[in-house]
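Structure assessment
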Amino acid sequence: MSKGTRTPDLPECRRDRAAGTFTFNLQTFSISWLTETFAGMLGYLPEDLASLTLSSIWPDEAERDRFCRLLDGQNAVADYPAILARHDGTLLPVTIAASTFPNTDITCIVSFRPREEEEHLQIFNSMPDAVLILDWNGTALYANTAAATLVGLSSPADLIGRNAMEFVHPDYAQAIARDLANVQSGHDGYLAHYLMRDLHGNEKWVEGLGARVPFNGQEGNLVTLRDITERKSVEGELARTNQQFRDLYRLVRMMCDNVPDLIWAKDMERRYLFANRGLCEKLLNAADTDEPVGKTDLFFAERERRRRPDDPAWHTFGEICRDSDAIVMESGEAARFDEFGNVRGEFLFLDVIKAPFRDENGRMIGTVGCGRDVTGERQVEERLRWNEALLSRMAQASPIAYLVVDNRTDDILYFNSRFCEMWGLSHLEDEMRAGNLKNRDIIPLCTPLIEDAGVLALSSATLQDEEDRSVLEDELEFTDGRHTRRFSTQIRDADDRYFARLYLFEDITGRKKASEALRRHDAIMSAVNFAADRFLKETDWKRQMREVLERFGRATDVSRVYIFENGTDPATGELVCSQRWEWTAKGVTAEIGNPDLQNVPYKEIPRWHQELAAGRVIVGPVRAFPPDERAYLEPQGVHSIAVVPISVNEQWWGFIGFDENRKERTWSPAEIDALQAAASIIGAAILRTMNEEVFRNPVEHSPVGVYLFQDDRLKYVNPRFAKIFGYTRDELHKPGTHLALVAPDDRDDMYRRLQALLSGDTESEHYEFCGVHRDGRTICLENFATRLLFEGQPAVIGNLVDVTDRKQADEALKNSEERLKILFDCAPDAFFLADINGILIDANRAAEQLAGGQKEEFIGKSIVEAGFVPPEEFFKVEEMLGRLAAGTAAGPTEFFSVRRDSTRVAVEITAFLVTIDGRQLVLASARDTSERRQLENLKKGAFLQIEENIEQLAVLNDSIRNPLTVIIGLAEIGDTDIDRKIIEQAWVINAIIDRLDQGWLISRKVKAFLKKHYT
């Protein structure tokens, strides 16, 4: 059934059914989700209704807009009257209760007017938010599963009848009682936050929204609760973070205390002026960061030694630290030191940088230093060896064979055991690992194993050109029937220098066999169609048997095909079988004249009697059969066999056999199904002759649907065909019925193919199309159709296979992959997907924007090769890859990423290990931190401006006071009243300048404070 088409037998929505529920987007008015009940109320199929907008089912624009405005202002609407349009054009009066949370679609409950229903409440059980219906006393009349989970109950039924106030924190009891009263009085539709306690005493924050709704003949309060405990925690953390930013005085202290490095400052007497938390915890073992002030390293060293006087190795750091302080103070220059020793009995190795601590006049007042714990780095070599062993073990456990060869020297640099197993070189594995064998030594041993020996020898030749970066990918066929996919490419180092060539060999024998089995299945089904055509054209099926067996033999690619018929020994009355027809491939000896294959008693092969009589297939290698069966088969040179019973009118008539004399063969389930179809066709042909009815039972027991189409109608269908569509056979014989079996979108194509067959333009067709089941379901079908003449007129006979389940599984997988791809591409942060070696595999759109180019430009390259990281920061990449290789997450780490236009962008990168399709990969997220760095630069600029303004103020004071002194001197010489007034005003100006001087001094102190603490 295609979209927009309603099945004739879709049940009408009854007035006594439950109310319906749907959600829609308030911006686009598109329906995003709905229940089948709501679709039934309006006479639609759910999938048809889901493609519509709100205006399609609510024609009254003014009424619809008023409803949306109410929602926009109140967040909830109860018992809103509306008239909706049904699929058949009739109008349906309903009431709508609706509510919404921020950033979510509108949820609407639609009820018939005036009667209210409760079945829609079941949909609340699928909602992640808790939903309750309370009476005005707070007693729960309804609860969904999420509500029971929220309060710590195992079932919603345990919550019914309990008062919601049992779970309210006492501090919020009055607020909730007040909100219940507001909802009862009609003042609903607003969000509120409450603190609650579940049965286990756990406190949780919830966000609640109430609305007055009718329920079971009374009014109640529909309450939707969302657990926002985590959000509250995040908000509290954000508030604390904002407080830290406001408290700028503590900024330097917090920065120093939160870094893992050790940071300190000392005076000239080597007494601590400042110590961060890392120094106190890792080296000094101080109580807090204030304790070291005024004390020396020797104080803490001696205190530690006194704690363990009998252990001289308990603390050995003091003397080394004093020596390095003296070196810096004597030289007056910064220096780097390796300082190490035991701290609390544990070895500690520090990479230390110390420098003179100078005041603003350049006078040395002490030393400053920072140290980094690099104890672990001394274990890097060991970890590298461990990683190498791990990679080696992974390669050894891989089903793929590895070989790395330096084609310049012909040296074998690496291989795994799987390579030796695949090429039969296990006995030389030790010699190869010892380097005693070259690549040219093993090639002659490998070439006899494959059909085309020259291909292997040519691709393994000595390297002629290091710039030949060609990638080789092909398939090798082994003489023993195995198939291997070969992949080869150059390995180049970070500087793009040739290192070696990598060869990967994957055994794809199973995959090839599956593909071959599918091809044979199709070939056998084509031969079945041919047999059906021949048996229908000719009344005497025996005359066609030779040609039919030949088709079956070539389709199955076997050595011999034959048919045995059951009979009775006239002398003993025992059940026997005799060979009647046979086809043999070229070079295979025919057994049709072998007297030993006539009147073979089944008592000599009892297993065949038991299995074939029960309708079961006998299949497998002859060497695994019982001795009595091998006595008949081995003299004929049979290695593998498949025997399928032939039934006529539900009676065991005989069997058809397929012998393989060249090699052992494994028959796939699909091939067995096709062979059973072939046996069914032969049985049907025999039954047709026996009953002298052309189309009564030719393929009655076929596992596939069989039909005969002529004169624009189905003249014959078998039971399986009728079962596929859900009709009786009599119903399908009516003229025009076949049109209802094909989906509207495929009818034109189906009609074109039928006409091509009937006109003789094509002899056969094999295609898939969508059919329509009697109950309205769309089913996927595979059709094998052949042209024939029936009663002197063109007709089409075909086999139909239901492949709906397979199609649905494929579609589900495709949809899942598309959804994940959308989420990945649309993420706001840049995401890169790489293998464990850092080779980029994929990236999203944000990553392309960050890189300044399309992802195709850097896919297949490492992060370093792509040019994202400047050379001075390569060590950060190596450190992150080292952490990932150790199985832990890496980051966040700040980089300066290089864009395609050579500009640099500050980014923060975090990387995690993920597994996709069984392959371990790295997912890295990158966030642009340029704005944060710009803010820091603006702060520095502001400090410089303050300093410049203070200096200008000092110059301005001197510029005014000097002329003022001259004015006062001249006025004192005149000694008139005017002169005295001038002197008086001059001293007033001088007092103002004095105040400016005081302000300049204060500004200098402010500048010194800001410079000390914020730069």
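Residues numbered from 1 in each chain as written. Predicted model: local features only at pLDDT ≥ 70, side-chain atom pairs only at ≥ 80, totals over all residues. Heavy atoms only, no water.

What to know about the overall build of the protein chain
Stated precisely, the cut-off is as follows: Secondary structure elements are taken from DSSP: a helix is a run of H or I of four residues or more, a strand is a run of E of two residues or more, and numbering for both begins at the N terminus. Relative accessibility thresholds used throughout: buried, under 20% of the residue-type maximum; exposed, over 50%; partly exposed, between the two (1.4 Å probe, protein chains only). Note on definitions: a residue-residue contact is assigned when non-hydrogen atoms from the two residues lie within 4.5 Å. For the area figures, the Shrake-Rupley method with a 1.4 Å probe applies, and any residue is considered shielded solely by the protein chains shown.
What the protein chain contains, in helices and strands, is 29 helices and 36 strands. Burial status across the protein chain gives 43% buried among its 1015 residues. Contacts spanning at least 24 positions in sequence make up 48% of the contacts within the protein chain whose residues lie at least 6 apart. When the accessible surface of the protein chain is split by element, carbon and sulfur atoms take 52% of a total near 54400 Å².

Observations concerning the side chain of Glu660
Basically, it comes down to this: Polar contacts, as used here, are pairs of N or O atoms within 3.5 Å; protein pairs need one atom able to donate a hydrogen and one able to accept it. Residues neighboring in sequence count only if both atoms are side-chain atoms.
Within the secondary structure, Glu660 sits in strand E26 (residues 651-660). Residue classification places Glu660 among the buried residues on the basis of a relative accessible area of 4%. At 3.3 Å, the side chain of Glu660 and the side chain of Ser559 are in polar contact. Among the polar contacts listed, one links the side chain of Glu660 to the side chain of Arg662, at a separation of 2.8 Å.

Here we look at helix H10 (residues 297-307)
Inclusion rule: The arc refers to the directions leading from the helix axis to the C-beta atoms.
Along H10, the residues classified as buried are Asp297, Phe300, Ala301, Arg303 and Glu304. The buried residues of H10 occupy one face: seen down the axis, they fall within an arc of 160°.

As for the pattern of salt bridges
Should their charged atoms come close, side chains of opposite charge can pair. Counted only if it meets this: Note on definitions: salt bridges are taken to be side-chain nitrogens of Lys or Arg within 4 Å of carboxyl oxygens of Asp or Glu.
Under the counting rule described, the total for this entry stands at 48 salt bridges. The residue Arg560 makes a salt bridge to Asp659 at a minimum N-O spacing of 3.1 Å. Highlighted residues: Arg560 in strand E21 (residues 560-568) and Asp659 in strand E26, separated in sequence by 99 residues. Bridged by salt links that share partners, the residues Lys266, Asp297, Asp325, Glu339 and Lys354 form one connected network.

As for helix H27 (residues 874-885)
Put simply, the rule is: Helix span, as expected, comes to 1.5 Å for every residue beyond the first.
Taking 1.5 Å as the rise per residue, H27 with 12 residues should run 16 Å; its terminal C-alpha atoms sit 17 Å apart, in good agreement. Of all the positions in H27, only Val877, Met880 and Leu884 are classed as buried. Each buried residue of H27 sits inside an arc of 65° when the element is viewed along its axis, so together they form one side. Of the residues flanking the end of H27, it is Gly887, one or two places downstream, whose phi is positive at about 95°.

Some remarks on a nonpolar patch on the surface
We apply this condition: Surface patches are drawn from residues lacking salt bridges whose relative accessible area is over 30%; two like charges belong together within 9 Å, two nonpolar side chains (Val, Leu, Ile, Met, Phe, Trp, Tyr) within 5 Å.
Nonpolar side chains collect at one region of the surface, where Trp386, Leu390, Leu391 and Met394 lie side by side and expose about 400 Å² of accessible area between them. Inspection of the secondary structure assignment puts Met394 in helix H12 (residues 380-397). Residue Met394 is classed as partly exposed on the basis of its relative accessible area of 47%.

Some words on the sheet that holds strand E17 (residues 411-415)
Strands belonging to one sheet form pairs held by backbone hydrogen bonds; the direction of such a pair is parallel or antiparallel. As a reminder of what qualifies: Paired strands, in this sense, are two strands between which DSSP finds at least two bridges. Only the contacting stretch of a helix is used when fitting its axis, a line to C-alpha atoms as for every element, and angles between N-to-C directions run 0 to 180 degrees.
Strands sit in the order E17-E16-E20-E19-E18 across an open sheet of five strands; the sheet is antiparallel. Taken across any chain shown, the strands that pair with only one partner, and hence form the sheet edges, are E17 and strand E18 (472-477). Adjacent strand axes in the sheet meet at a mean angle of 25°, parallel and antiparallel pairs treated alike. Of the strand pairs in this sheet, strand E19 (residues 483-492) and strand E20 (residues 498-507) are connected by nine bridges, and their pairing is antiparallel. Opposite Arg485, over in E20, you have Glu506 as the bridge partner.

Quick notes on the environment of Leu92
Tracing the chain through its elements places Leu92 in strand E4 (residues 91-99). Classification of Leu92 as buried rests on a relative accessible area of 3%. Separated by 51 residues in the primary sequence, Leu92 and Met41 have C-alpha atoms spaced 8.4 Å apart.

Examining unusual backbone geometry
The backbone of Phe29 shows a phi angle near 60°, a positive value even though the residue is not glycine. Following the sequence through the fold, Phe29 ends up in the loop between strand E1 (20-24) and strand E2 (31-34). Its relative accessible area of 29% is what places Phe29 among the partly exposed residues.

A look at the sheet that holds strand E28 (residues 713-717)
Taken in spatial order, the five strands make up an open sheet running E28-E27-E31-E30-E29, and their pairing is antiparallel. Two strands close off the open sheet at either side, each with one partner strand: E28 and strand E29 (764-772). Adjacent strand axes in the sheet meet at a mean angle of 35° when their direction is disregarded. Note: E29 against strand E30 (residues 778-790), nine bridges, orientation antiparallel. The residue bridging Ser764 from the neighbouring strand is Thr786, located in E30. Helix H24 (residues 744-759) contacts strand E27 (705-710), E29, E30 and strand E31 (793-802) of the sheet and is inclined by roughly 150° relative to E29.

Some words on the packing of aromatic side chains
Two aromatic rings are characterised by how far apart their centres lie and by the angle between their planes. Convention followed: Only centres within 6.5 Å qualify two rings of Phe, Tyr or Trp (six-membered ring in Trp) as a pair; their planes then separate them into stacked at under 30 degrees, edge-to-face at over 60, and tilted for everything else. Our definition puts a charge over a ring when NZ of Lys or CZ of Arg is within 6 Å of the ring centre and also within 35 degrees of the ring normal.
Here the structure, examined in full by the defined rule, presents 22 aromatic pairs. On the numbers, 5.9 Å between centres and 45° between planes, the contact of Phe419 with Phe505 is tilted. One end of the pair, Phe419, is in helix H13 (residues 417-422); the other, Phe505, is in strand E20, and 86 residues separate them in sequence. Each member of the pair, Phe419 as well as Phe505, is classed as buried. An aromatic cluster is defined as three or more aromatic residues linked by ring pairs; in this entry it consists of Phe22, Phe24, Phe29 and Phe38. The positively charged end of Arg551 is found above the aromatic ring belonging to Phe530, 3.9 Å away from the centroid. Sitting above the plane of the Tyr767 ring, Arg753 keeps its charged end 4.1 Å from the centroid.

Section: the state of the cysteines
Simply put, disulfide is the name for a covalent bond between the sulfur atoms of two cysteines. Rules: Cysteine sulfur pairs qualify as disulfides if the two atoms are within 2.5 Å.
Per the stated rule, a full pass over the model turns up zero disulfides. No disulfide involves Cys770; its sulfur sits 4.5 Å from that of Cys780, the nearest cysteine.

Re the nonpolar core
One broad rule of soluble globular proteins: the nonpolar side chains tend to lie buried together. Spelled out, the test is: We define a nonpolar core as any set of buried Ala, Val, Leu, Ile, Met, Phe, Trp, Tyr and Cys residues linked to one another through side-chain atoms lying within 4.5 Å.
Grouped together as the largest cluster of nonpolar side chains are 48 residues, with contacts concentrated most on Phe535, Leu549, Phe552, Ile563, Ile656, Phe658 and Ile682. For this core, the element with the most residues is helix H21 (residues 669-691), which contributes 11 residues. Look past the residues within four positions of Ile656 in its chain and what remains in contact with it is Leu549, Phe552, Val561, Tyr562, Ile563, Ala642, Val643, Val644, Ile646, Ala679 and Ile682. Core analysis: the second largest hydrophobic core is formed by 28 residues, Leu34, Leu54, Tyr80 and Val94 among them.

Brief notes about the pairing of E30
Of all 13 residues making up E30, 11 are buried, and the element is well covered by its neighbours. In sequence, E29 turns back onto E30 through a hairpin of five residues, with Gly776 there showing a positive phi of about 95°. Pairing of E30 with E31, which is carried by 10 bridges, proceeds in the antiparallel orientation. Pairing of Leu789 across the sheet is with Pro794, part of E31.

A few points about the pairing of strand E8 (residues 191-197)
Relative to strand E9 (residues 203-215), E8 is paired through seven bridges, and the arrangement is antiparallel. From the neighbouring strand, Leu191 faces E9, where its bridge partner is Leu209. Where E8 folds back on E9, the antiparallel hairpin that results is connected by five residues, among which Gly201 adopts a positive phi of roughly 85°.

Considering the confidence of the model for the protein chain
Caution is warranted with low-pLDDT regions, since their predicted coordinates should not be read in detail. The cut-off we apply is this: Known as pLDDT, the predictor's confidence for each residue is given on a scale from 0 to 100.
With 85% of its residues at a pLDDT of at least 70, the protein chain reaches an overall mean of 80. Across residues 1-17, confidence stays below pLDDT 50; counting only partners more than four residues off in sequence or on other chains, it has 42 contacts.

Observations concerning the environment of Gln184
Mapped onto the fold, Gln184 is located in helix H6 (residues 173-184). Accessibility expressed as a relative area gives 38% for Gln184, which makes it partly exposed. Sequence separation of Gln184 and Asp135 is 49 residues, and the distance between their C-alpha atoms is 9.6 Å. If we ignore the near neighbours within four places in the chain, the residues touching Gln184 are Trp136 and Arg212.

Let's talk about the side chain of Glu63
Relative to the helices and strands, Glu63 is located in helix H4 (residues 61-74). One polar contact links Glu63 to Trp58, side chain to side chain, over a distance of 2.6 Å. Contacts of Glu63, omitting those with residues within four sequence positions, involve Trp58, Tyr80, Pro81, Ala82 and Ile83.

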